[in-house]
Amino acid sequence: MNATTLEDDGWTVAGRRFRSRLVVGTGRYKSLEETAASIAASGAEMVTVAVRRVNLSDPNAPMLQDFVPPTQYTYLPNTAGCHTAQDAVRTLRLAREAGGWNLVKLEVLGPPPFLYPDMAATFEAASALLADNFEVMVYCADDPVAAKRLEEMGCVAIMPLGAPIGSGMGVVNPYMIRAIKAQAKVPVLVDAGIGTASEAAFAMELGCDAVLLNSAIAHAQDPVRMAAAMKHAVIAGRHAYLAGRMPRDYRADPSSPTTGTIR
Ligand SMILES: CC(=O)[C@@H](O)[C@H](O)COP(=O)(O)O
């Protein structure tokens, strides 16, 4: 492997190519200045935006676009806060009217305290959005059967949760994330639940194409520094995955050769 190969390791979703394998959210920050500084430090090229919670259209209030320019970042509108298929579909249609965004993140949430993906409603919304020519990156349960079905319907990326949104619990079901990735022909992103850099690296070591996270950066004591940590963690995890880890063995294997030892 040479330096060129190391750098040329992008991924593609819906025909769009990205070098960074980190996708970040834009919510939960103390200010739009902090949002912008953290996103810049993360190296992310795609940012996801909660259409219902972020000002994307009122020019009289501070607008995200002034701090995180859509000319520099790919905006991925999402349906955070939607608990029915109808709400989610309506929200993304409004986003497309407001900003022309066709590549979207669908999430339909179940009730608190887990806000787990409501998969029946997710299928219903995905079906309506795909019929309406949206390109759908879909937040879903860590369920290989559901994930495959969403891909077969035409979703352009599958995004199983690592753990409940904002929980910071990390990847709680790595075996099923690996299973989802093993069968997928579209990108797989761990979305939600990442709490710190080692967990983002772990998601990448499982073979995921990218990681989507928000709270781990926005709720860190120093969001800009955590954003930089996430950038490097995702790169490290990707390289570790490609390099192939050594086999595990509970027995020792001395690292110094014993042949030629002077006795
Ligand atoms: C930003 C987003 O799209 C959400 O799915 C969620 O906020 C991500 O989860 P975490 O905040 O747990 O990273």
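Residues numbered from 1 in each chain as written. Predicted model: local features only at pLDDT ≥ 70, side-chain atom pairs only at ≥ 80, totals over all residues. Heavy atoms only, no water.

An unreviewed UniProt entry lists the chain under the name Thiazole synthase, from Roseococcus suduntuyensis. UniProt lists a comment for the chain under the heading Catalytic activity (unreviewed entry), and it reads "[ThiS sulfur-carrier protein]-C-terminal-Gly-aminoethanethioate + 2-iminoacetate + 1-deoxy-D-xylulose 5-phosphate = [ThiS sulfur-carrier protein]-C-terminal Gly-Gly + 2-[(2R,5Z)-2-carboxy-4-methylthiazol-5(2H)-ylidene]ethyl phosphate + 2 H2O + H(+)". In its Subunit (unreviewed entry) section, the UniProt entry covering the chain states "Homotetramer. Forms heterodimers with either ThiH or ThiS." (UniProt positions renumbered as here; feature names shortened; annotations may be inferred.)

A few words on the packing of helix 2 (residues 32–42) against helix 10 (residues 223–243). One way to put it is that helix 2 packs onto helix 10 with a least axis distance of 7 Å and a crossing angle of 25 degrees. Classified by the interaxial angle, the pair formed by helix 2 and helix 10 is roughly parallel. Seen along the crossing, helix 2 lies across helix 10 with a hand that is right-handed. Within the contact between the two elements, helix 2 uses Glu-34, Ala-37, Ser-38, Ala-41 and Ser-42 and helix 10 uses Pro-223, Val-224, Ala-227, Ala-228 and Lys-231. Across the contact of helix 2 with helix 10, the residue classes tally to six nonpolar, two polar and two charged. (Axes fitted to C-alpha atoms, helices over the stretch in contact; angles between N-to-C directions. Helix = DSSP H or I, 4+ residues; strand = E, 2+ residues; numbered from the N terminus. Parallel < 35°, antiparallel > 145°, perpendicular 65-115°, else oblique. Left-handed = near helix turned anticlockwise from the far one by under 90°. Contact = heavy atoms within 4.5 Å. Nonpolar A, V, L, I, M, F, W, Y, C, P; charged D, E, K, R; others polar.)

Across all of its chains, the model carries two aromatic pairs by this definition. An angle of 35 degrees between the planes, with centres 5.6 Å apart, marks the rings of Trp-11 and Phe-18 as tilted. A relative accessible area of 3% means that Trp-11 is categorised as buried. When the centroid spacing of 5.6 Å and the interplanar angle of 10 degrees are considered together, the rings of Tyr-75 and Trp-101 count as stacked. On the criterion of sequence distance, the pair formed by Tyr-75 in strand 5 (residues 74–78) and Trp-101 in the loop between helix 4 (85–99) and strand 6 (103–106) is long-range, its members being 26 residues apart. Since its relative accessible area comes to 4%, Tyr-75 is described here as buried. A relative accessible area of 14% places Trp-101 in the buried class. The ring of Phe-134 has Arg-96 lying over it, and the distance from NZ or CZ to the ring centre is 3.7 Å. Over the ring of Tyr-139 we find Lys-105, and its NZ or CZ is 5.2 Å from the ring centre. (Phe/Tyr/Trp six-rings, centres within 6.5 Å; stacked < 30°, edge-to-face > 60°. Buried < 20%, exposed > 50% of the residue type's maximum accessible area, 1.4 Å probe, protein only. Lys NZ or Arg CZ within 6 Å of the ring centre and 35° of its normal.)

Cross-referencing UniProt, the feature "active site" (unreviewed entry) maps to Lys-105 in the present numbering. Note on placement: Lys-105 falls in strand 6. For Lys-105, a relative accessible area of 4% translates into the label buried. The residues contacting Lys-105, other than those within four sequence positions of it, are Thr-48, Leu-76, Pro-77, Asn-78, Thr-79, Leu-92, Met-137, Tyr-139, Met-159, Asp-191 and Leu-212.

On to the site of the ligand. Around the ligand, the surrounding shell holds 13 residues, and the nearest of these are Lys-105, Gly-166, Gly-193, Asn-214 and Ser-215. For the ligand, an oxygen atom lies 3.3 Å from a polar atom in the side chain of Glu-107. In this structure, Asn-214 approaches the ligand through a main-chain N or O atom, which is 2.8 Å from an oxygen atom. For the ligand, whose free accessible area comes to 350 Å², the fraction covered by protein is 95%. When each cavity is represented as a set of grid points, the ligand is found to reside in the largest pocket. Class assignment for the residues of the shell around the ligand results in four nonpolar, six polar and three charged. (Near = heavy atom within 4 Å. Polar contact = N/O pair within 3.5 Å; in protein donor to acceptor, adjacent residues only side chain to side chain. Areas by Shrake-Rupley, 256 points an atom, 1.4 Å probe, with all protein chains shown as cover. 1 Å grid on protein atoms, 1.4 Å probe; cavity = no way out; pocket = protein on both sides within 12 Å on 5 of 7 lines; lining within 4 Å. Sits in = over half its atoms within 2 Å of the grid points.)

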